[in-house]
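# Structural overview for review
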Amino acid sequence: MEPMSKKTRIERIISDDKRKKVIAVLENLVLSDGDVHRIMEVMEQQIDFANSQQEEDRKRSDFFWECTYVQGLLKGDEEGEYLGLDLGSTNFRVVRVTFEKGEAKTTTKYYNLPKELLVGPADGAFDHIADSIEKFIKEEKMCSDNAIPLGFTFSFPSVQKSLKHSVLITWTKSFKCTTGPGEDPVGMLEAAIQRRGGLSVPVDVVARISDTTGTLMAGSYLDKSCRIGLIIGSGSNACFVEQAKNFNKLEAAEKTSDQILVNCEWGAFGDNGCLDFFKTDFDKELDQNSNHVNSYTFEKLFGGFYLGELVRLVLVKLTNEGLLFKGEGSTKLMNKGSWPTSYVTEVESDGPEETSHTIGVLQSLDLTADVEDIALVQEVCGLVSQRGAYIVSAACAVLLNHIDLPEVTIGIDGSVYEHHPRFHGYMMELLEKVVPETKVKIILVKDGSGQGGAFVAAVGSRS
Ligand code: BGC
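Cut-off values and rules
Residues numbered from 1 in each chain as written. Predicted model: local features only at pLDDT ≥ 70, side-chain atom pairs only at ≥ 80, totals over all residues. Heavy atoms only, no water. Pairing = 2+ DSSP bridges. Helix = DSSP H or I, 4+ residues; strand = E, 2+ residues; numbered from the N terminus. Contact = heavy atoms within 4.5 Å. Axes fitted to C-alpha atoms, helices over the stretch in contact; angles between N-to-C directions. Buried < 20%, exposed > 50% of the residue type's maximum accessible area, 1.4 Å probe, protein only. Salt bridge = Lys/Arg side-chain N within 4 Å of Asp/Glu carboxyl O. Near = heavy atom within 4 Å. Polar contact = N/O pair within 3.5 Å; in protein donor to acceptor, adjacent residues only side chain to side chain. Areas by Shrake-Rupley, 256 points an atom, 1.4 Å probe, with all protein chains shown as cover. Nonpolar A, V, L, I, M, F, W, Y, C, P; charged D, E, K, R; others polar. Parallel < 35°, antiparallel > 145°, perpendicular 65-115°, else oblique. Left-handed = near helix turned anticlockwise from the far one by under 90°. Patch = residues over 30% accessible without salt bridge, like charges linked within 9 Å, V, L, I, M, F, W, Y side chains within 5 Å. Lys, Arg positive; Asp, Glu negative; His and termini not counted. Charge placed at Lys NZ, Arg CZ, Asp CG, Glu CD. Phe/Tyr/Trp six-rings, centres within 6.5 Å; stacked < 30°, edge-to-face > 60°. Lys NZ or Arg CZ within 6 Å of the ring centre and 35° of its normal. Arc of directions from axis to C-beta. Core = buried A, V, L, I, M, F, W, Y, C linked by side-chain atoms within 4.5 Å.

### Some points on the sheet that holds strand β13 (residues 439-444)
Across the sheet, which stays open at both edges, the 6 strands sit in the order β1-β11-β10-β9-β12-β13 with mixed pairing between neighbours. Two strands in the sheet have a free side with no partner beyond their single neighbour: β1 (66-67) and β13. Pairing geometry for β1 and strand β11 (residues 259-263), over 2 bridges, is antiparallel. Following the sheet pairing, E66 is matched in β11 by N263. Along the sheet, helix α7 (residues 211-222) makes contact with β9 (226-232), β10 (236-243), β11, β12 (407-413) and β13, crossing β9 at roughly 135°. Together, β9, β10, β12 and β13 form the strand contacts of helix α14 (residues 371-403), whose direction differs from that of β10 by roughly 10°.

What follows is the structure, encoded as structure tokens:
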């Protein structure tokens, strides 16, 4: 990343003293080329540990590196009706996919989990989900005597035991249910369906996948070169098509094809301290005030649940040092969570000499800003976003090296990638630099995670 002192908005600060102080606050947010390479090296080491057959090695890694047991991508000749259920944030989705000669017709409906269900026993949340599936079936006027295969996209860190069964390790993002860890997500869903006396159309839950796997499946439906499914939403994770020969966790006899879809489950990368070399005081403070302290280091660096808060902490620091908003700020600015990631994307929507979006955001937080304040706020949003995009791209670069193909498409779903006007550009910048030999394309796979759940149900039901 360009050094702070070379950035136009910083160069324009009139007072030398102020400029120096601003640079001192912000410079740790600048990633050097060396940092990027070190992230890639450390990730490769962590993968080696996670990929080992030795339990002792695996404990040294914060990656799950799970075989998804999904037998492959779509073949293009699928037929029939499938359902997807996508749970990964408070907005969950039910998806219906009807295949005709491999062509998918998709209907998606969104449902909301009331906040109180996120902190109570998991059964409450699953009962609400089961009721919503019934609502969907009714609204869609579905009817069938045969059970409809359903793929459950459950996007929380889980150890995968088979295509259908897994064990939830911990809740992440905004979920803090009092039960769930140690249990099988499909088991919890099936039990909730049973508690309500079944559904008016029988469903057969055939798979549990993560949203990344769903995105990979949906991405490969859109673009045959798609080999990575990535989520950059509230949280982050990736799934990719690994060469089976590189996947050591399974014995050779267990490998049924030369490709294995691997769910990296990388959100906790860095929890063991291996990324401390570039962590800033802002990252540490954000962690200390988060729902899940000392965990999920990687996604806290750029996930949508955190990016805005990271920006806010930087702005508060600049304000407290008298470098922003005349040292005063506003009560709203001082409140945790008052700067959502949508404000970052809003500010980043201003072009180089534009300020209207930024001013709108500042007004909504009762902040009075002069020209230098506006420029500084824009600089901070750009800096934190670019750093986040570089970090996640460095991780993608490692996967691209594993895939080792001349052309690869990365399919991405998630609010940060979808709404942030510059994230795509920042990612391309870094990838072109660190994997110049691979022609990389990045595409948005909107709602891919839920649709992919239904796709996996189709692949899983192949006889
Ligand atoms: C979860 C992952 C998920 C990712 C993206 C993380 O917090 O642990 O399983 O894929 O968020 O939604």
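### Points about the environment of D366
Here D366 lies in the loop between α13 (356-364) and α14. Overall, the relative accessible area of 48% leaves D366 in the partly exposed class. Ignoring sequence-local partners within four residues, the contact set of D366 consists of S330 and K332.

### Comments concerning the pattern of salt bridges
Scanning the entire structure with this criterion turns up 31 salt bridges. The salt bridge involving D447 is made with R93; its shortest N-O contact spans 2.6 Å. Of the two residues, D447 sits in the loop between β13 and α17 (448-460) while R93 sits in strand β3 (residues 91-100), which places them 354 residues apart along the sequence. Taken as a pair, D447 and R93 share a single burial class, namely buried.

### Remarks on the site of the ligand
Taken together, 14 residues lie near the ligand, and P157, T172, K173, D211 and E265 sit nearest. The backbone of P157 places a nitrogen or oxygen atom 3.5 Å from an oxygen atom of the ligand. Measuring from an oxygen atom of the ligand, one finds a side-chain N or O atom of K173 at 2.9 Å. Summarising the interface, the protein chains cover 98% of the accessible area of the ligand, which totals 310 Å² for the free molecule. Among the residues forming the shell around the ligand, the class breakdown is 4 nonpolar, 6 polar and 4 charged.

### Some remarks on the packing of helix α2 (residues 16-26) against α14
Here α2 crosses α14 at 20°, and the two axes come no closer than 12 Å. Here α2 lies roughly parallel to α14, going by the angle between them. α2 and α14 meet at a crossing whose hand is right-handed. Between α2 and α14, the contacting residues are K18, V22 and L26 on the first element and E372, L376, V380 and L383 on the second. Along the lines of polarity and charge, the residues of the contact of α2 with α14 split into 5 nonpolar, no polar and 2 charged.

### Structural notes on the pairing of strand β5 (residues 148-154)
Within β5, 7 of the 7 residues are buried, which leaves it mostly tucked inside the rest of the structure. Burial of β5 is two-sided: the residues I148, L150, F152 and F154 facing one way and the residues P149, G151 and T153 facing the other way are all buried. Relative to β5, strand β2 (residues 80-87) runs parallel, the two being bridged by 5 bridges. Within β5, the position partnered with L85 by the bridge is F152. Relative to strand β8 (residues 203-209), β5 runs parallel, the two being bridged by 6 bridges.

### Considerations on a negative patch on the surface
Together, D77, E79, E100 and E103 make up a negatively charged patch on the protein surface. Tracing the backbone shows D77 in the loop between β1 and β2. Owing to a relative accessible area of 51%, D77 belongs among the exposed residues under this scheme.

### So, the sheet that holds strand β4 (residues 103-112)
Strand order across the open sheet formed by 5 strands is β4-β3-β2-β5-β8, with mixed pairing between neighbours. The open sheet has two free edges, formed respectively by β4 and β8, since each of these has just one partner strand. Strand after strand, the sheet turns through a mean of 20° between neighbouring axes, direction not considered. Across the sheet, helix α5 (residues 122-139) touches β2, β3, β4 and β5, and the angle it forms with β4 is around 130°. The strands touched by helix α6 (residues 185-195) within the sheet are β2, β5 and β8, with β8 carrying the most contacts at an inclination of about 155°.

### A short note on the packing of aromatic side chains
Applying the stated criterion across every chain, the model contains 20 aromatic pairs. On the numbers, 4.8 Å between centres and 50° between planes, the contact of F63 with F269 is tilted. Within this pair, whereas F63 is found in the loop between α4 (55-58) and β1, its partner F269 is found in the loop between β11 and α8 (281-288), the two being separated by 206 residues in sequence. Since its relative accessible area comes to 4%, F63 is described here as buried. The exposure class of F269 is buried, given its relative accessible area of 0%. Three or more aromatic residues joined by ring pairs form one cluster here, namely F63, W65, F240, W266, F269, F298 and F302. The cationic tip of R38 hangs over the ring face of F277; the distance from NZ or CZ to the ring centre is 4.1 Å. The ring of F156 carries K173 above its face, with NZ or CZ at 4.8 Å from the centroid.

### A look at α13
Taken together, the buried positions of α13 are T358, V361 and L362. Seen from one end, α13 has its buried residues packed into an arc of 95°, which puts them on one side. Of the residues in α13, the exposed ones pointing more than 90 degrees away from the buried face are S356 and Q363. For α13, the secondary structure elements touched by its buried residues are α12 (341-347) and α14. In the segment just after α13, D366 is the residue with positive phi, at about 60°.

### Some remarks on the nonpolar core
Nonpolar side chains in soluble globular proteins tend to end up buried together. L26, L230, W266, W339 and M427 are the most contacted members of the largest nonpolar core, which totals 96 residues. Broken down by element, the residue count for this core peaks at 19 residues, all from α14. Not counting residues within four places of it along the chain, the set of residues in contact with L26 comprises M4, I10, V314, L318, L376, V380 and L383. Core analysis: the next-biggest nonpolar cluster, separate from the first, contains 36 residues, V94, F152, L168 and L199 among them.

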